[in-house]
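Each chain, letter by letter, is given below.
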Amino acid sequence: MSLQEALSRCKNATLIESDEVYYQNIFDNFLKALFEKSPVVENGKLGCVFLDMEGTEGIYGSDQEIIETLLGVVPSRFGARLGLAKSKYPAYIAAVTSKPGRTILVPDDVASFLKRIPIDLLPLSWEKRSRLHDFGLHTVSYTHLRAHETLRYLVCRLLLEK
């Protein structure tokens, strides 16, 4: 939802200016701690990090130990959400759909996991997601996500495979 639409729906809303520098400093501290836990740390947008934990089984053992280690880096008051998957997009979706302080492990059958995911979680602009809803497309179950597909091709598939 755009800010303009949100303000039109909530006329008594109060806007609070964010302190981006402060947020970035806190986030940078988390990144430094995560670099000690994973061989590959990819900084996404503010508040989002992708870690490649491939090959760390000898260090951490089970998925549960990885989860506890990674969640332990972020103080609980921040409500970190963790998604474990074999690729970035399913891990991202698992993280954003989990509860604060919790983890979702994506099963090997990624398609069945993603089919219930709302279109609103696709990496598309608000306007494009609104158009998809106008076409009656509300979940990812209408498409097959492939890593090699471009965003334009993905949208075409979404529109054609209803």
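Residues numbered from 1 in each chain as written. Predicted model: local features only at pLDDT ≥ 70, side-chain atom pairs only at ≥ 80, totals over all residues. Heavy atoms only, no water.

Asker: Where do I start with the overall build of the protein chain in this structure?
Answerer: Within the protein chain one finds eight helices and four strands. Reading the protein chain from its N terminus to its C terminus gives the helix and strand order α-α-β-β-α-α-β-α-β-α-α-α. Counting every position in the protein chain, which comprises 162 residues, the buried fraction comes to 27%. Relative to all contacts within the protein chain whose residues are 6 or more apart in sequence, the contacts with residues 24 or more apart total 29%. Accessible surface, the protein chain: about 11,100 Å² in total, of which carbon and sulfur atoms supply 54%. (Helix = DSSP H or I, 4+ residues; strand = E, 2+ residues; numbered from the N terminus. Buried < 20%, exposed > 50% of the residue type's maximum accessible area, 1.4 Å probe, protein only. Contact = heavy atoms within 4.5 Å. Areas by Shrake-Rupley, 256 points an atom, 1.4 Å probe, with all protein chains shown as cover.)

Asker: What exactly am I supposed to notice about the pattern of salt bridges here?
Answerer: For side chains of opposite charge, pairing can occur when their charged atoms come near one another. The tally for this structure, following the rule as stated, stands at four salt bridges. Of the charged contacts, one joins K88 and E42 as a salt bridge, the two residues approaching to 2.7 Å between their closest N and O atoms. Here K88, found in helix α5 (residues 88–97), pairs with E42, found in strand β1 (residues 40–43); they are 46 residues apart in sequence, far enough to count as distant. The exposure class assigned to E42 is partly exposed, which follows from its relative accessible area of 37%. Between K86 and D108 there is a salt bridge whose closest N-O contact spans 3.0 Å. Here D108 lies in the loop between β4 (103–105) and α6 (110–114) and K86 lies in the loop between β3 (82–84) and α5, a separation of 22 residues in the sequence. (Salt bridge = Lys/Arg side-chain N within 4 Å of Asp/Glu carboxyl O.)

Asker: Explain the environment of S98 here, please?
Answerer: Tracing the chain through its elements places S98 in the loop between α5 and β4. Between the alpha carbons of S98 and A80 there is a distance of 9.4 Å; along the sequence they are 18 residues apart. Ignoring sequence-local partners within four residues, the contact set of S98 consists of R81, L82, T103 and I104. Within the structure, the side chain of S98 is placed 2.9 Å from the backbone oxygen of A95, a separation counted as a polar contact. (Polar contact = N/O pair within 3.5 Å; in protein donor to acceptor, adjacent residues only side chain to side chain.)

Asker: Could you clarify how one ought to interpret the side chain of R129 in this entry?
Answerer: In this structure, R129 sits in helix α7 (residues 126–134). Residue R129 is classed as buried on the basis of its relative accessible area of 15%. Apart from residues no more than four positions distant in its own chain, R129 is found in contact with I119, D120, L122 and L124.

Asker: Just checking my understanding: could you explain the environment of A95 for this structure?
Answerer: Looking at the element boundaries, A95 is found in helix α5. As for A95 and R81, which are separated by 14 residues in sequence, their C-alpha atoms are 5.1 Å apart. Dropping the residues within four chain positions of it, A95 is found in contact with R81, L82 and G83.

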